[in-house]
Amino acid sequence: MKHSRTIFTSLCPFVILALAAILSFAQQKPKPPLKVFISVDMEGISGIVHGDQTTPGTADYADGCAWMVADVNAAVEGALAAGATEIVVNDSHGSMRNIDAALLTPQAVLISGTPKPLSMMQGIDASFAACLLIGYHAKAGTENAVLDHTISGSVVRAIKVNGIEMPELGLNAAIAGYYGVPVVLISGDTAVCRQAGEILGKDVVTVAVKEAYGRLAARLVPLPEAHNKIRMGVKEALGKLAGAKPYKLIAPYTFELAYHVSAQADMGAMIPGVKRLDARTLAFTADDYIQGFRTLRAMISIAPAR
Ligand SMILES: [Zn+2]
């Protein structure tokens, strides 16, 4: 009897602690969902400076793919550290089959392949809390910018929406904005980071992983440091999500597409509702941004290569 009371007395604090832990756990509110959408291009990935590193069939392509998944995994880790409950990664470059699914952090879901109706933004919807743009690049015609182009290097000279010349980051941020989702972080070279600030405002977190000396050369942030910058940047961006605003353009949306040469405009000019502003520039207006974006993509796709 005495012996069992001693055991009871000595166990008592543990029982109380266990009960307290169970009670406090029961009182905790369920974690609110934090869904994060990540669109990943390739030209702005840490380490990449040349088209050979982004093109299948070249000796350098495997390096590009390895560096791409390393940047993505750093972003996924940052999102998980910030409490992300669901992460969707959309491979957004070329064939859109660059990310090796086996190497992606398993907490993330991969969208792979092309064509996709929303292209680089496929998979986004209003249930997401935030969008991250990883490995992005500056718009066509930007000086000192690694592999600058807009959607198609051989077709597009410039794209404007409502008079604003758009890099891909702007076109895609407007898709996120259509669903009420803010773009909170972008990674790439210093040029695309500058353009992100110009279009999205100063609150977007920018992570520069290289500084270009031209179109095909750059001073690289050492890769482990670049990955750490992405990880920390994502954590910071998602930590201050409450103040983030979606990027919204005002309807109706006037799209202007300047091709490199007039022969490329000849096909798009046949689409009903499309106006020809000059030999190589077409324009149209859409009431719905997504519809306009799809028309724009079709106009780019039907153009013959230069
Ligand atoms: Zn790309």
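See the structure shown above.
Quick notes on the rules
- Residues numbered from 1 in each chain as written.
- Predicted model: local features only at pLDDT ≥ 70, side-chain atom pairs only at ≥ 80, totals over all residues.
- Helix = DSSP H or I, 4+ residues; strand = E, 2+ residues; numbered from the N terminus.
- Contact = placed C-beta atoms within 7 Å.
- Expected span 1.5 Å × (residues − 1).
- Buried ≥ 20, exposed ≤ 12 C-beta atoms within 10 Å, placed from the backbone.
- Arc of directions from axis to C-beta.
- Pairing = 2+ DSSP bridges.
- Core = buried A, V, L, I, M, F, W, Y, C linked by C-beta atoms within 7 Å.
- Domains from an automatic or database assignment.
- Axes fitted to C-alpha atoms, helices over the stretch in contact; angles between N-to-C directions.

Colleague: Where do I start with the overall build of the chain in this structure?
Modeller: The helix and strand inventory of the chain stands at 7 helices and 12 strands. Long-range pairs, those at least 24 residues apart, make up 66% of the contacts in the chain with a sequence separation of at least 6.

Colleague: What should I look at first to understand helix α7 (residues 289–301) in this one?
Modeller: Since the α-helix packs 3.6 residues into each turn, any two residues three or four apart lie on the same face. In a regular helix each residue adds 1.5 Å, so 13 residues correspond to 18 Å; α7 covers 18 Å between its end C-alpha atoms and thus fits that length. For α7, every residue scored as buried is listed here: Y289, G292, F293, L296 and M299. Projection of α7 onto a plane perpendicular to its axis shows the buried side chains occupying an angular sector of 120°, all on one side. α7 presents Q291 and A298 as exposed residues on the side facing more than 90 degrees away from its buried surface. Tucked into the core, α7 has its buried residues touching β5 (156–161), α3 (168–178), β10 (253–259), α6 (262–268) and β12 (281–286).

Colleague: I tried to follow the sheet that holds β12 on my own but got confused; where do I start?
Modeller: Hydrogen bonds along the backbone pair up the strands of a sheet, which may run parallel or antiparallel. Strand order in the open sheet made by the 5 strands is β6-β5-β10-β12-β11, with antiparallel pairing throughout. At either end of the open sheet lies a strand with only one pairing partner, and these are β6 (164–165) and β11 (275–278). The pairing of β10 with β12 spans 6 bridges and is antiparallel. Directly across from L257, in β12, lies its bridge partner L282.

Colleague: It is not clear to me how helix α5 (residues 223–239) should be interpreted in this structure. Could you clarify?
Modeller: Between its terminal C-alpha atoms α5 stretches 24 Å, which fits the 24 Å expected from 17 residues at 1.5 Å a residue. Every buried residue belonging to α5 is among A226, H227, I230, R231, G233, V234, A237 and L238, and all of these are buried. End-on view of α5: buried residues confined to an arc of 165°, all on one side of the axis. Facing away from the buried side of α5, by more than 90 degrees, are the exposed residues P224 and E225. The elements touched by buried residues of α5 are β1 (35–40), α2 (61–81), β4 (130–136), β7 (183–189) and β8 (205–212).

Colleague: How should the nonpolar core be read in this particular structure?
Modeller: Looking at soluble globular proteins, one finds that nonpolar side chains tend to be buried together. Of all hydrophobic cores here, the largest spans 90 residues; its most connected members are V36, C131, L132 and V184. A total of 10 residues in this core trace back to one element, the largest contributor, which is α2. Residue assignment places this core across two domains, with domain 1 (35–150 + 168–243) and domain 2 (253–301) each supplying three or more. Apart from residues no more than four positions distant in its own chain, L132 is found in contact with V36, I38, A75, V184, L185 and V234.

Colleague: Please clarify how the environment of I87 should be interpreted in this entry.
Modeller: Here I87 shows up in strand β2 (residues 86–91). A count of 23 C-beta atoms within 10 Å places I87 in the buried class. C-alpha separation for the pair I87 and L34, spaced 53 residues apart in sequence, amounts to 8.5 Å. Every residue in contact with I87, bar those within four places of it in the chain, is listed here: V36, I38, V76, A79, Q107, A108 and V109.

Colleague: Just to check I follow, could you spell out the environment of S39 for this structure?
Modeller: By the element assignment, S39 lies in strand β1. By C-beta crowding, S39 is classed as buried, having 32 other C-beta atoms within 10 Å. When the C-alpha positions of S39 and S92 are compared, they lie 6.2 Å apart, and in sequence the two are 53 residues distant. The residues contacting S39, other than those within four sequence positions of it, are N90, S92, M120, M121, C131, L133 and N172.

Colleague: Where do I start with the sheet that holds β8 in this structure?
Modeller: Overall, mixed pairing links the 7 strands, which are arranged β3-β2-β1-β4-β7-β8-β9 in an open sheet. Every other strand in the sheet has two partners, leaving β3 (108–111) and β9 (218–220) as the edge strands with one partner each. Strand-to-strand, the axes of this sheet are offset by a mean angle of 20°, without reference to chain direction. Those strands touched by α3 are β1, β4 and β7, and its axis lies near 160° from that of β4.

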